[in-house]
Amino acid sequence: MNIKILTQFPEMFAAITSESILGRAADKGILNIELLNIRDYSTDKHLKTDDTPFGGGAGMVMQCQPAFDALKAAGAKGKRTIYMSPRGKVLDQTMIEELSKEEDLVILCGHYEGVDQRIIDEWNMEEVSIGDYILTGGELAAMVLVDSVSRLVPGVLGSSESLAEESIYSGLLEYPQYTKPREYEGLNVPEILCNGNHELIHLWQWQESLKLTKKRRPDLFEKYLKSLGKLSKKEKKILDEVLNSEE
């Protein structure tokens, strides 16, 4: 997958483009993440990229010229182009899975009061938000999008089993995890995880996920219940216990 990110602050992306899982994926050629500094395309002698808005108002707005030229340099025409915007469609798992199938993504990061509307209109940009709150710029939002999308690209994660079982992918929140030592300062790992009975371990994990989801994300819990197929007697007993629990 090729991802081009247009930003006024490319140094902010060093942590995700060169380190950890995404950095290793880039080294292997699975991901190609390119950063374009919008200031490099400004024709202003001071490399200015924004100006005051027509009609008045606080803040500064990104100008057409540097953004247009940066988008041309990125080869954005005809590619899926995203503008990180608080007024956009909220990023969710369905959108993430859809984006992960794209060969090319171009992402524009605005800053302060946003960008000239002509940039969005002319380049047919898809406005995407990561939540109902305001950030000072689109860089952090772009990092969330890049990380969540990239990890679904085949080969980025080392274990497809981990991806399939993890948190939201199964429709439930993830069950509690433990590692060595088995006892620490009087705190013990649940005995069931240490007995080697994989069927009982799986059922315990499923029960804990059900309980957590019901308590913390009832919306997801109700959605999950509607998608359930046929259950075994043991699974049905666990589900009934969770449904009748007051926790």
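The structure under discussion appears in the preceding block.
This section reports on the structure supplied with the text. For clarity, every value in this text was computed on a predicted model and none was experimentally measured.

Examining a nonpolar patch on the surface
Taken together, the side chains of Met12, Tyr133, Leu135 and Leu140 make up a nonpolar region of the molecular surface, amounting to roughly 350 Å² of accessible area. One can find Leu135 in the loop between β7 (126–129) and α6 (139–150).

A closer look at the state of the cysteines
Enumeration over the complete set of coordinates arrives at zero disulfides. No disulfide involves Cys109; its nearest neighbouring cysteine sulfur is the one of Cys64, lying 18 Å away. On the basis of relative accessible area, Cys109 is assigned to the buried category, the value being 0%.

Regarding the sheet that holds strand β2 (residues 32–37)
On the basis of which strands lie adjacent, the open sheet formed by five strands has the order β2-β1-β6-β5-β7 and parallel pairing. Unpaired on one side and paired on the other, β2 and β7 mark the two borders of the sheet. Averaged over all pairs of adjacent strands, the angle between strand axes in this sheet comes to 30°, irrespective of strand direction. Sheet topology places strand β1 (residues 2–7) next to β2; six bridges connect them, and they run parallel. Its bridge partner being in β2, Ile3 is matched across the sheet by Ile33.

Section: the packing of helix α8 (residues 198–216) against helix α10 (residues 233–244)
A packed helix pair is summarised by two numbers, namely the angle formed by the two axes and the spacing between the axes. At their nearest, the axes of α8 and α10 sit 10 Å apart, and the two run at 25° to each other. Regarding the angle of α8 to α10, the classification is roughly parallel. Two packed elements cross with a definite hand, and for α8 against α10 that hand is right-handed. Contact residues: Glu199, Leu203, Trp206, Gln207, Leu210, Lys211 and Lys214 in α8; Lys234, Glu235, Ile238, Leu239, Glu241, Val242 and Leu243 in α10.

Here's the deal with the packing of α8 against helix α9 (residues 218–227)
Orientation of α8 relative to α9, taken along the N-to-C sense of each, is 130°, at an axis distance of 5 Å. Considering their axes alone, α8 and α9 lie oblique with respect to each other. Contact with α8, carried on its side by Trp206, Leu210, Thr213, Lys214, Lys215 and Arg216, involves Pro218, Leu220, Phe221 and Tyr224 of α9 and no other residues of that element. Residues that form the contact of α8 with α9 fall into these classes: six nonpolar, one polar and three charged.

Focus: the packing of aromatic side chains
For the structure on display, the rule yields one aromatic pair. An angle of 85° between the planes, with centres 5.9 Å apart, marks the rings of Phe68 and Trp123 as edge-to-face. A residue pair is termed long-range when its members are at least 10 positions apart, and Phe68 in helix α3 (residues 64–73) and Trp123 in the loop between α5 (117–122) and β7 qualify at 55 residues. The buried category is assigned to Trp123, whose relative accessible area is 10%. Here Arg39 stacks its cationic end above the ring of Phe9, 5.7 Å away from the centre of that ring. Stacked on the ring of Trp123, the Lys or Arg Lys77 has its end atom at 4.8 Å from the ring centre.

Parameters at a glance
- Residues numbered from 1 in each chain as written.
- Predicted model: local features only at pLDDT ≥ 70, side-chain atom pairs only at ≥ 80, totals over all residues.
- Heavy atoms only, no water.
- Patch = residues over 30% accessible without salt bridge, like charges linked within 9 Å, V, L, I, M, F, W, Y side chains within 5 Å.
- Areas by Shrake-Rupley, 256 points an atom, 1.4 Å probe, with all protein chains shown as cover.
- Salt bridge = Lys/Arg side-chain N within 4 Å of Asp/Glu carboxyl O.
- Helix = DSSP H or I, 4+ residues; strand = E, 2+ residues; numbered from the N terminus.
- Disulfide = S-S within 2.5 Å.
- Buried < 20%, exposed > 50% of the residue type's maximum accessible area, 1.4 Å probe, protein only.
- Pairing = 2+ DSSP bridges.
- Axes fitted to C-alpha atoms, helices over the stretch in contact; angles between N-to-C directions.
- Parallel < 35°, antiparallel > 145°, perpendicular 65-115°, else oblique.
- Left-handed = near helix turned anticlockwise from the far one by under 90°.
- Contact = heavy atoms within 4.5 Å.
- Nonpolar A, V, L, I, M, F, W, Y, C, P; charged D, E, K, R; others polar.
- Phe/Tyr/Trp six-rings, centres within 6.5 Å; stacked < 30°, edge-to-face > 60°.
- Lys NZ or Arg CZ within 6 Å of the ring centre and 35° of its normal.

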